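# Coordinate analysis (summary)
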Amino acid sequence: MRKAATDAIYELAKTDPRIVFIGSDLGAGTMDKFRREMPERFFMEGVSEQNIIGMAAGLAMDGFIPYVNTIATFLTRRCYEQVAVDLCLHNLPVRLIATGGGVVYAPLGPTHLAIEDLAIMRALPNMTVTAPTDAPEARRLVMSTVDLPGPLYVRIAKGGDPVVSRDEDGFQVGKAILLRQPKDVLFVGIGVTVNRCLAAADQLAAQGIGAGVLNMHTLKPLDEAGLLAAAKGVRAIVTVEEHTLMGGLGSAVGDVLLRRLGRAAPDLITLGIPDVFPEKYGSQDALMKHFGLQPTQIAEAAVRVLSAPVGAAA
Amino acid sequence: MSPAQTSAKKIGVEKIGPTPVSPPLDARSTALRKVCVDALVSAGRGHLSSALSLIEVLRVLYDDVLRFRADEPMWAGRDRCILSKGHGCLALFTLLADKGFFAKSELETYCQVDSMLGGHPERGKVPGVEASTGALGHGLGIGIGMALAARIQKRDSRVFVITGDGEINEGSIWEGAMCASKHRLDNLTVIVDRNKLQSYGPTIDVQDLEPLTDKWRAFGFAVADVDGHDVNSLRSVLARPLVAGKPTCVIAHTVKGKGIAHIEHDPNWHHKSKVSDDEAAALYAALENA
């Protein structure tokens, strides 16, 4: 997925002289073509995220559109004040391409996991927050970002993720994509949880339960109209995120349901990572299983909520 | 607190090291200080002494060095001046008003609810302000971006970043220093307002910076030490980059609270709120005698 995103940045830069690329200390050879062909707009600045964000802000103030790429946790936690003040307060068109969001770096431990990136980016005024579900969607997203006003956060997944997005659905920041029409229950996913939601829906279909899937690739601004339209008539909504349950997709969806539907809202189950630093290593898949975010577990959560008395979901 | 009590807590000069023996302040320097005091008194608060150490640096930049168009603040060909130590904004606002970026009457609204002038400068609100600062350690990175932008766009704009000395405790400054030097940004000048006091007390006690000249030099800058209240020396050192192919650092040795004798070197005046009538009168009286 990162390659799809960075290839898209290269393509944009070939035709738009406002685009610059800034990396920190990326893997050897990353974006070599960009560096060779447009060296004056390619920057690799070392392990110095605070300075990189400031530099991107200064370039943006003078007319450039910087795409900044490094590991998600270092692009959010380490330089949070620079993101808040330099980018968001000035409302500058800087694009943060955050590699390895969620638990992608599971074997490397909690210093490398970005499990609250979406929440802390979402809390910043002017910031747009996205997480594409697969490589083609990452490409569609990046290609649509040049003239997007203000700063943008793009959470990039591991790569080689199942492709579930479709060209015919197009892509627009802030507009959720209904991949499967719901009947009994609606899954709302973001990033790679969308493919787990689809697999869960397949399992439920075999049991005669109609589960829909909404790809909420943009967490902020949240597509409230799209969510409410998709939720119409369902008994329950299950949000699924590779992220802490504090302040991410579940929180955002819950806010909308409470504010817009009140007691008429369907039951809501939020699946995600509890308020802990993950203690296990293994793989992304293993950690997602540990936190109940794999297809069978998602399907089981839906069955539980559907078999409980109305309003009893917790 | 009376002025006499305040001065009782002043830090002895022997404690903060040598301070510049500057030429006497001329009429313009005194008049600019009076504008700062007027704004402080109208708001009843502000970082006065942090502004007073900056007056000559900003005066020389805006009078003699920077290219700008006050009636077209975002003119692309301008030089950029970022006040990274945003808490010194009373001095910046004073100079911007003096140059006609906005009406001098705006200064009377300083820190009021609907004012465009708050306790730290904001880009987009205040004509002539290049970056919203206040959180320390941000201006250099932004200035580096602007200096790189000028290079790519083949503009000969210079970029000036004014930091405090307490401010350069921040690690982001030293990340920026490495970056500026790597890119050989000779269109970038960092000016350190070396007044040797930070909020808690002398920099030598809180976080010693010395040997500061050597540090900047080691980070790849061409460095000059200058009396930060000597207008002629400042004009000369800021007129052009010191060395081709290197960023410049000017360490401006200054006095916190310069020009108002009883608040000089007094950390209690780093930020002052609830300025009383007596304190205001004492500030004006001291300026008369400066």
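The structure displayed is predicted, hence computed values, not measured ones.

Definitions and limits used
- Residues numbered from 1 in each chain as written.
- Chains lettered and ligands numbered in written order.
- Predicted model: local features only at pLDDT ≥ 70, side-chain atom pairs only at ≥ 80, totals over all residues.
- Helix = DSSP H or I, 4+ residues; strand = E, 2+ residues; numbered from the N terminus.
- Rg over C-alpha atoms; globule rule 2.2 N^0.38 Å.
- Buried ≥ 20, exposed ≤ 12 C-beta atoms within 10 Å, placed from the backbone.
- Contact = placed C-beta atoms within 7 Å.
- Nonpolar A, V, L, I, M, F, W, Y, C, P; charged D, E, K, R; others polar.
- pLDDT = per-residue confidence, 0-100.
- Pairing = 2+ DSSP bridges.
- Axes fitted to C-alpha atoms, helices over the stretch in contact; angles between N-to-C directions.
- Domains from an automatic or database assignment.

## Focus: the overall build of chain A
Secondary structure summary: chain A contains 12 helices and 12 strands in total. The C-alpha atoms of chain A give a radius of gyration of 19 Å, which matches the 20 Å a tight globule of 314 residues would have. Along the first, second and third principal axes, the C-alpha set of chain A runs to 60 × 40 × 35 Å. Here chain A holds 314 residues, and the buried ones make up 56% of them. The contacts of chain A with a sequence gap of at least 6 include a subset with a gap of at least 24, amounting to 78%.

## Things to note about the overall build of chain B
Summing up its helical and strand segments, chain B has 12 helices and seven strands in all. Here the C-alpha atoms of chain B give a radius of gyration of 18 Å, agreeing with the 19 Å that 2.2 N^0.38 yields for 290 residues. For the C-alpha atoms alone, the extent of chain B along its principal axes is close to 55 × 45 × 30 Å. Counting every position in chain B, which comprises 290 residues, the buried fraction comes to 49%. Expressed as a percentage of contacts within chain B between residues at least 6 apart in sequence, the contacts between residues at least 24 apart total 78%.

## Some remarks on the interface of chain B and chain A
Between chain B and chain A, the residue contacts involve 18 residues of the former and 23 residues of the latter. Counting only elements with at least two residues in the side of chain B that touches chain A, the list comes to helix 7 (139–152) and helix 8 (171–182) of chain B. For the side of chain B that touches chain A, the leading source of residues is helix 7 of chain B, giving 10 residues. Split into classes, the residues belonging to the side of chain B that touches chain A amount to nine nonpolar, seven polar and two charged.

## Focus: the confidence of the model for chain B
Residues and elements named next belong to chain B. Taken over all residues, the pLDDT of chain B has a mean of 93, while the share at 70 or more is 95%. The model gives residues 1–8 a pLDDT under 50, and that stretch makes 10 contacts with residues more than four places away or in other chains. Among the prediction metrics, the complex's ipTM stands at 0.95, with pTM recorded as 0.95.

## Remarks on the sheet that holds strand 8 (residues 185–189) of chain A
Residue and element names in this part refer to chain A. Strand order in the open sheet formed by five strands is 7-9-8-11-12, and the pairing between neighbours is mixed. The open sheet has two edge strands, strand 7 (177–180) and strand 12 (267–273), and neither has a second partner. Across the sheet, the mean angle separating the axes of adjacent strands is 25 degrees when strand polarity is ignored. Alignment of strand 11 (residues 236–244) against strand 12, held across six bridges, turns out to be parallel. Bridging across to strand 12, Ala-236 finds its partner in Asp-267. Across the face of the sheet, helix 10 (residues 249–261) comes into contact with strand 8, strand 11 and strand 12 while running at roughly 145 degrees to strand 11. Packed onto the sheet, helix 12 (residues 295–307) meets strand 8, strand 9 (211–215), strand 11 and strand 12 and runs at close to 145 degrees relative to strand 11.

## Observations regarding the domain arrangement of chain A
Residue and element names in this part refer to chain A. Split into domains, chain A comes out as domain 1 (2–155) and domain 2 (171–307). The distance between the C-alpha centroids of domain 1 and domain 2 comes to 26 Å. Every contact between the two is made by 28 residues of domain 1 and, on the other side, 29 residues of domain 2. Among the elements of the structure, helix 6 (117–122), strand 5 (128–130) and helix 7 (135–143) are those that each provide at least two residues to the side of domain 1 that touches domain 2. For the side of domain 1 that touches domain 2, a count of residues per class yields 16 nonpolar, seven polar and five charged.

## What to know about the sheet that holds strand 4 (residues 188–194) of chain B
Residues and elements named next belong to chain B. Taken together, the five strands give an open sheet; going across it, the order is 2-3-4-6-5, and neighbouring strands pair in parallel fashion. Of all strands in the sheet, those with a lone pairing partner are strand 2 (80–83) and strand 5 (222–227), marking the two edges. Here the average twist between neighbouring strands, direction ignored, is 20 degrees. Of the pairings in the sheet, the one linking strand 5 to strand 6 (residues 248–253) comprises six bridges and is parallel in character. Counterpart to Ala-222 in the pairing with strand 6 is Thr-248. Against the sheet, helix 11 (residues 231–238) touches strand 5 and strand 6, its axis set at about 165 degrees to strand 5.

## Focus on the environment of A:Gln203
Residue and element names in this part refer to chain A. Here Gln-203 shows up in helix 8 (residues 193–206). Note: C-alpha distance between Gln-203 and Ser-48 (155 residues apart in sequence) is 46 Å. Apart from residues no more than four positions distant in its own chain, Gln-203 is found in contact with Pro-295, Thr-296 and Ala-299.

## Some words on the environment of A:Val94
All names here are of chain A. Inspection of the secondary structure assignment puts Val-94 in the loop between helix 5 (80–89) and strand 4 (95–99). Given 28 C-beta atoms within a 10 Å radius, Val-94 is considered buried. Between the C-alpha atoms of Val-94 and Ala-229, which are 135 residues apart in sequence, the distance is 32 Å.

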